[in-house]
Amino acid sequence: MKRLENLLNTASSPAAGLLLPIYVGMIVAQGAYTWRFGVELIHILGSMNAMTERDFLVAVLTLIDFLMVANLIVMIVIGGYATFVSKLDLEGHEDRPAWLDHIDPGTLKTKLAGALIGVSGIHLLQTFTKIGDHMAGAAPAAAYYEGVKWQVVIHLTFVLSAIFLALADYILEKKLVLSHREGVEAKSA
């Protein structure tokens, strides 16, 4: 049995290495996303005086959206790499993320769901800022309200998914702790 375990460990190492190009691609995507953030920021600064307060709010929400997605990319790249590919040698490094000690696939999924809720909430808030235009008849209202309804449904789906993921992770963690405790008690008896 130990031989089979060693064989599986040896075979799985190259499989984890196949994730490297994907992580490098995500880092390149992060660079592109940072570029787009800069372009959007320059656009906002250039047209700030011509913007209404609502337009400026929507522009700032767009920048926050960029930031949240960029943070999500960093979290997935660092957490995923450390979980599935190789341990990061950041011990004692001043920029080491504190959450890295507590990351596992379940936690990554829950954090991903939370980030998606944040991004969805930003988009929903941007949509809500435009409702006044549709109430005043400046744009067709029926199709817009149908779109708002579906955005709310999607947002609530993200919220429920995050709750269920967190609950499943909590139950699994409780079972692991209970199993460990029972194993310790059995050894000491």
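In this report, the structure presented in the accompanying data block is examined. Being a predicted model, the structure only gives us computed values, none of them experimental.

A short note on the overall build of the chain
Thought 1: Helix and strand content of the chain: six helices and zero strands.
Thought 2: Long-range contacts, defined as pairs at least 24 residues apart, comprise 67% of the intrachain contacts of the chain with a sequence gap of at least 6.
Thought 3: Only carbon and sulfur atoms are counted for the fraction: they give 69% of the accessible area of the chain, which is about 13,100 Å².

Notes on the packing of helix α2 (residues 20–47) against helix α3 (residues 53–85)
Thought 1: Direction vectors running N to C along α2 and α3 enclose 165°, while the axes themselves pass 10 Å from each other. It follows from the interaxial angle that α2 and α3 lie roughly antiparallel. In this structure, α2 meets α3 at a crossing whose hand is left-handed.

Considering the pattern of salt bridges
Thought 1: Counting across every chain of the model gives one salt bridge.
Thought 2: In this structure, lysine 149 and glutamate 146 form a salt bridge, with 3.2 Å as the shortest nitrogen-oxygen distance. With a gap of three residues between them, lysine 149 and glutamate 146 both fall in helix α6 (residues 141–188), about one helical turn apart.
Thought 3: Under the relative-accessibility criterion, lysine 149 is labelled partly exposed at 41%.
Thought 4: Glutamate 146 gets classed as partly exposed once you look at its relative accessible area, which sits at 39%.

Procedures and definitions
- Residues numbered from 1 in each chain as written.
- Predicted model: local features only at pLDDT ≥ 70, side-chain atom pairs only at ≥ 80, totals over all residues.
- Heavy atoms only, no water.
- Helix = DSSP H or I, 4+ residues; strand = E, 2+ residues; numbered from the N terminus.
- Contact = heavy atoms within 4.5 Å.
- Areas by Shrake-Rupley, 256 points an atom, 1.4 Å probe, with all protein chains shown as cover.
- Axes fitted to C-alpha atoms, helices over the stretch in contact; angles between N-to-C directions.
- Parallel < 35°, antiparallel > 145°, perpendicular 65-115°, else oblique.
- Left-handed = near helix turned anticlockwise from the far one by under 90°.
- Salt bridge = Lys/Arg side-chain N within 4 Å of Asp/Glu carboxyl O.
- Buried < 20%, exposed > 50% of the residue type's maximum accessible area, 1.4 Å probe, protein only.

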